[in-house]
Amino acid sequence: MIRINIKKDTKVVVKSFINKIDLDNYVLDFIGADKVIGNFTNVANKIWNLNVGTSLSVNGYTISMAGKSRAGNHLVI
């Protein structure tokens, strides 16, 4: 599970995603592809692999990783 902060202009939205496919769908629907990074799948991969406390700028959105944890049968620390 990941938790990201998405900032557009002055509005900040916090989103959580348990599965990567959910993030893929969110990027496809709301953020879109980027000329530098590539298609929406590449954008979603970059976001999913961000380290906690780092950020990425895509199409006017600033996306920062707020937290990562394992869900399901794994121990959450």
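As a reminder, the structure under discussion sits directly above these lines.
Residues numbered from 1 in each chain as written. Predicted model: local features only at pLDDT ≥ 70, side-chain atom pairs only at ≥ 80, totals over all residues. Heavy atoms only, no water.

### Points about the environment of N5
Right, on to step 1. Structurally, the position occupied by N5 is in strand β1 (residues 2-8).
Right, on to step 2. A C-alpha to C-alpha distance of 6.5 Å links N5 and K15, two positions 10 residues apart in sequence.
Right, on to step 3. In this structure, N5 is in contact with V12, V13, V14, T62, I63, S64 and A66, ignoring residues within four places of it in sequence. (Helix = DSSP H or I, 4+ residues; strand = E, 2+ residues; numbered from the N terminus. Contact = heavy atoms within 4.5 Å.)

### A few points about helix α1 (residues 20-31)
Since the α-helix packs 3.6 residues into each turn, any two residues three or four apart lie on the same face.
Right, on to step 1. Listed in full, the buried residues belonging to α1 are L23, D24, Y26, V27 and I31. An end-on view of α1 places all buried positions within 165° of arc, on one side of the element. Among the exposed residues of α1, those pointing more than 90 degrees away from its buried face are I21 and D29.
Right, on to step 2. Looking at the buried residues of α1, the elements they touch are β1, β2 (11-17), α2 (40-48), β3 (55-58) and β4 (61-68).
Right, on to step 3. Of the residues trailing α1, G32 is marked for its positive phi of about 90°. (Buried < 20%, exposed > 50% of the residue type's maximum accessible area, 1.4 Å probe, protein only. Arc of directions from axis to C-beta.)

### Structural notes on α2
Right, on to step 1. Those residues of α2 lying buried are V43, A44 and I47. One face of α2 carries all of its buried residues, which in axial projection span an arc of 100°.
Right, on to step 2. Where α2 is buried, its residues contact β1, α1, β3 and β4.

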